[in-house]
Amino acid sequence: MSIDFSKYIASYPDFPEPGILFRDISPLLENGEVYRAATDKIVDFARERNVEMIVGPEARGFIVGCPVAYKLGVGFSPARKKNKLPGETIEESYGLEYGKSSLYLRTNAVKPGQRVLVTDDLLATGGTIDATIRLVEKLGGIVVGTAFLIELSDLKGREKVKDYDFFTLLKY
Ligand SMILES: O=P(O)(O)OC[C@H]1O[C@H](OP(=O)(O)OP(=O)(O)O)[C@H](O)[C@@H]1O
Ligand SMILES: Nc1ncnc2[nH]cnc12
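About the thresholds
- Residues numbered from 1 in each chain as written.
- Chains lettered and ligands numbered in written order.
- Predicted model: local features only at pLDDT ≥ 70, side-chain atom pairs only at ≥ 80, totals over all residues.
- Heavy atoms only, no water.
- UniProt positions renumbered as here; feature names shortened; annotations may be inferred.
- Phe/Tyr/Trp six-rings, centres within 6.5 Å; stacked < 30°, edge-to-face > 60°.
- Helix = DSSP H or I, 4+ residues; strand = E, 2+ residues; numbered from the N terminus.
- Lys NZ or Arg CZ within 6 Å of the ring centre and 35° of its normal.
- Core = buried A, V, L, I, M, F, W, Y, C linked by side-chain atoms within 4.5 Å.
- Buried < 20%, exposed > 50% of the residue type's maximum accessible area, 1.4 Å probe, protein only.
- Contact = heavy atoms within 4.5 Å.

Under an unreviewed UniProt entry, the name given to the protein is Adenine phosphoribosyltransferase, and the source organism is Lentilactobacillus parabuchneri. Under the Function (unreviewed entry) heading, UniProt states for the protein: "Catalyzes a salvage reaction resulting in the formation of AMP, that is energically less costly than de novo synthesis."

Dropping the structure here:
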């Protein structure tokens, strides 16, 4: 039976600020069968690319990337926001649909030449995924794919990841 994943995305106008139509993945996550089916699609995408490591940005990139890492038996390293990661880290800053921020990755997170999948829940302007990719590449990792649950096409984030294999479950 094929699942209509769009039925499990909730939309909230003017959240977290006026003018933003927030696409919430919570209903998808709250349904075990649907969360697993969505994860399995990304697992298939990752298997075809011999992924050895997954990196996802805080916070929703963890929700998408961790179950894929578990299923593949590969590692997951979180790209975190300011003052969250101890030890030696590298930093990349980026702009958002709302706001500006920085992401940090442990300098040992990825080995040079490692095949890395970058995951997040949603691609909007592409700032977050671009910063995450830059972190991985700074450490010598090879980004073999980017995977999302949702792409917001109007915001043209796809242009930021045009050089990478791309997977999205849903497009708006
Ligand atoms: O393509 P972009 O324009 O960069 O936007 C997409 C990013 O924005 C959201 O995260 P947010 O920064 O709101 O953080 P959160 O996951 O901690 O809620 C979302 O989870 C993506 O990571
Ligand atoms: N419209 C949106 N909905 C949910 N998360 C987002 N992150 C950036 N833009 C977003």
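S.K.: Tell me about the packing of aromatic side chains, and name the residues and values.
M.R.: The geometry of an aromatic ring pair is captured by two quantities: the separation of the ring centres and the angle between the planes. Tallied over the entire structure, the rule returns four aromatic pairs. Ring centres of F62 and F76 lie 5.9 Å apart, and the angle between their planes is 80°; this geometry places the pair in the edge-to-face category. In this pair, F62 sits in helix α3 (residues 60-72) while F76 sits in strand β4 (residues 75-79), placing the two residues 14 residues apart along the sequence. The ring of Y172 is capped by R23, whose NZ or CZ atom sits 4.0 Å from the centre of that ring.

S.K.: Before we move on, can you summarise the nonpolar core with the specific residues and values?
M.R.: Counting residues in hydrophobic clusters, the biggest one holds 27 residues, and the most contacted among them are L28, I42, L117, L149, I150 and L169. Taken together, the elements giving at least two residues each to this core come down to α2 (32-48), α3, β9 (142-151) and β10 (166-171). When residues in this core are grouped by element, the largest group, six residues, is from α2. Beyond its immediate sequence surroundings of up to four residues, L169 is in contact with F5, L28, A38, K41, F148 and L149. If you look at the next biggest cluster of nonpolar residues, it comprises 23 residues, including V55, I133, V136 and F166.

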